[in-house]
Amino acid sequence: MHTIISRSPSNVLKHIERLKKTTNFHNSSILFTVSPPSSSSDLSDLVDALTTWPNANTTGCLTSPTHSDAVTCSIAFFENQRSVLFRSTIPGREQTQVGRWHSFRKPQSRDTSLNVASLLDKREQGRNWDDIWNTGGHEDVELPEELQGVDPNRVQNIFYFSDRSPEGLSFALNASFPRATTLGLLASSTPFVTGRPVTLFHNKRIYDSGAVGIALKSNRDSDSQCSFHLPSGLEPLGEVMIVTDSEGNLINTLSNENPTQLLLSAIRRAGIDTTTSNAMTFKDDSEFYLATLQDPRLGTGQANEFHQLHSITAGDPSRGTISLNTQSSSPRVGTPVQFFYGRTPSSTTASSLSSSLLSASLVPSTFLNTALAPSGQNKTKNALAFAVAPHPTYSNSSHESVTDSYDAEPLWKQNIFLAASENGFVLSRRGEKWDDAPINSTKKTLEDVGEAPEDCFRQKNSASEVPWTCTVPGCVVEARV
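Read on for an overview of the structure.

Parameters and conventions
Residues numbered from 1 in each chain as written. Predicted model: local features only at pLDDT ≥ 70, side-chain atom pairs only at ≥ 80, totals over all residues. Heavy atoms only, no water. Pairing = 2+ DSSP bridges. Helix = DSSP H or I, 4+ residues; strand = E, 2+ residues; numbered from the N terminus. Axes fitted to C-alpha atoms, helices over the stretch in contact; angles between N-to-C directions. Contact = heavy atoms within 4.5 Å. Expected span 1.5 Å × (residues − 1). Salt bridge = Lys/Arg side-chain N within 4 Å of Asp/Glu carboxyl O. Buried < 20%, exposed > 50% of the residue type's maximum accessible area, 1.4 Å probe, protein only. Phe/Tyr/Trp six-rings, centres within 6.5 Å; stacked < 30°, edge-to-face > 60°. Lys NZ or Arg CZ within 6 Å of the ring centre and 35° of its normal. Parallel < 35°, antiparallel > 145°, perpendicular 65-115°, else oblique. Nonpolar A, V, L, I, M, F, W, Y, C, P; charged D, E, K, R; others polar.

### Regarding the sheet that holds strand β7 (residues 181-186)
No. 1: The strand order β5-β10-β6-β7-β21-β24 describes an open sheet built from 6 strands, whose pairing is mixed. The strands lining the two open edges of the sheet, one partner per strand, are β5 (83-88) and β24 (468-470). When strand polarity is set aside, the average angle formed by the axes of neighbouring strands in this sheet is 20°.
No. 2: Its contacts with the sheet place helix α5 (residues 167-176) against β5, β6 (155-162), β7, β10 (211-217) and β21 (425-428), and it is angled at close to 175° to β6.

### Structural notes on helix α1 (residues 9-22)
No. 1: With 14 residues, α1 ought to run about 20 Å at 1.5 Å a step, and its terminal C-alpha atoms sit 20 Å apart, in line with that.
No. 2: Residues of α1 that are buried in the fold lie against β1 (2-6), α2 (40-51), β4 (71-79) and β19 (411-414).

### With respect to the pattern of salt bridges
As a working rule, side chains carrying opposite charge can pair if their charged atoms are close by.
No. 1: Scanning the entire structure with this criterion turns up 2 salt bridges.
No. 2: Across the salt bridge formed by glutamate 465 and arginine 429, the nearest N and O atoms sit 2.8 Å from each other. Residue glutamate 465 is found in the loop between β23 (459-460) and β24, and its partner arginine 429 is found in the loop between β21 and β22 (434-435); the two are separated by 36 residues along the sequence. The two residues glutamate 465 and arginine 429 agree in class, both being buried.

### Things to note about the packing of aromatic side chains
No. 1: Using the criterion set out here, one finds 7 aromatic pairs in the structure.
No. 2: Where phenylalanine 228 meets tryptophan 468, the ring centres are 5.5 Å apart and the plane angle is 80°; that geometry is what we call edge-to-face. Taken together, the residues span a long stretch of sequence, with phenylalanine 228 in strand β11 (residues 225-229) and tryptophan 468 in strand β24 at a distance of 240 residues.
No. 3: Arranged with centres 5.2 Å apart and planes meeting at 80°, the rings of phenylalanine 306 and phenylalanine 340 form a pair that is edge-to-face. Taken as a pair, phenylalanine 306 in strand β15 (residues 305-315) and phenylalanine 340 in strand β17 (residues 336-341) lie far apart in primary sequence, 34 residues in all.
No. 4: In this structure, arginine 87 is placed above the aromatic ring of tyrosine 207, and the distance from its NZ or CZ to the ring centre is 3.8 Å.

### Focus: α2
Every α-helix carries 3.6 residues per turn, so stepping three or four residues along brings you back to the same face.
No. 1: Taking 1.5 Å per residue, 12 residues should reach 16 Å; α2 reaches 16 Å between its end C-alpha atoms and fits that length.
No. 2: All buried positions along α2 are accounted for by Leu43, Leu46, Val47, Ala49, Leu50 and Thr51.
No. 3: For α2, the secondary structure elements touched by its buried residues are α1, β2 (28-34), β3 (56-62), β4 and β8 (200-202).

### Digging into the pairing of strand β14 (residues 288-294)
No. 1: Judged by how many residues are buried, β14 sits mostly within the fold: 7 of 7 residues are covered.
No. 2: Both faces of β14 are covered, namely the face carrying Phe288, Leu290, Thr292 and Gln294 and the face carrying Tyr289, Ala291 and Leu293.
No. 3: Alignment of β14 against β15, held across 6 bridges, turns out to be antiparallel. Note on β15: the bridge partner recorded for glutamine 294 is glutamate 305.

### Description of the packing of α1 against α2
No. 1: Their axes nearest at 10 Å, the elements α1 and α2 cross at an angle of 10°. In this view, α1 runs roughly parallel relative to α2, as classed from their interaxial angle. Between α1 and α2, the contacting residues are Pro9, Val12, Leu13, Ile16, Glu17 and Lys20 on the first element and Asp42, Asp45, Leu46, Ala49 and Leu50 on the second.
No. 2: Counted by class, the contact of α1 with α2 contains 7 nonpolar, no polar and 4 charged residues.

### Details of unusual backbone geometry
No. 1: One non-glycine residue, aspartate 69, lies in positive phi territory at about 60°.
No. 2: Note that aspartate 69 resides in the loop between β3 and β4.
No. 3: Relative accessible area serves as the criterion here: at 15%, aspartate 69 is assigned to the buried category.
No. 4: Of note in this structure, asparagine 203 is not a glycine but carries a positive phi near 50°.

Here's what the structure looks like:
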């Protein structure tokens, strides 16, 4: 695996050509991502180089830059014997169309996107709302053709790049490969770069919807390591609580209390402004989050290890319900959770005038800064990392093009594949599904749940975690392969 970060597109191109001369890539499957440079001709040259490898198959997408005024390009090689490339057209939820986005979207039939009426019918038929929410109404979809004959017991990891509606594919992969960790990056929006909503590549073909990816096989039951890292700069609010009532993307009670009132009380105790014109509000770019924690008594994991992070998009002080920005269901009953607060990062935070690429990171992540440092990456194990980038702003996208006269050496890291997108990533870890089986709780490590239903914590079994989407800038998921 290789990651190249440079303010000179020609330097990136030189490193790709060097890899073609020094790497035995024949009969390989190649995974790649690249963030678009400002020049369309430079982008065309990079795409040509990344999609043309003799006797090899390729799949990839366009992504967000990880550093200011720089191109980020990552390449990974996998033997054909242990990998399967695939292309998916499985539908998911239809995205809301506003403004100029209409001109970049293809009309979709009712059979290829979420139908609200259909979901309500399923609910009236007695279906569990969390299952309906997680699948987006696509429970009976078939796997991509390339994966239909693959032994599910041999698949250890699945990585894919998707449009912004991954629900159908993520559910199909989760249901068919319960022993695998599946990790998908929602490709960056590219309507003003290529004229497509997203830009996906698969064996020299270009797609603007669906997904492309790779499944990695193994003859042994290896322990697939997958770590989730919070953004830098987050501050905890209040104490650890327990989810005691939730449905869909809503949390109705926390430790049998009003969640919105609990959050407001924690905000006031922390001295955060809630009254002036600059006061906090619940919006899509909310600065308030809900993190889930790993309970070490229910399996492997360290105490207070954070498991998921979701933006809080709305709260009703009277009814108490809070809404989470998630395409999967909210954390289920028995999940330990904690509120967090942080300044919403901006893509203009890093200085484009900085002479050091490391100091010009756009992704607010301590993990990435450490991993990209000269001695930061473990060279004995390959790692694939997907990060959530801040949404681009006009002032950032209109910066002056950096020419090839820039003298700084590119940053070239081996044994790591790094890609970022403002649209987030989808994750399902193997062996981390939780059942609502009661386990007697104490007050030793977590808050007393009081009159919680059956005073329960959830119990781990060997199935996969329900796929969930992370859209909080600075979050990073790292999979060791």
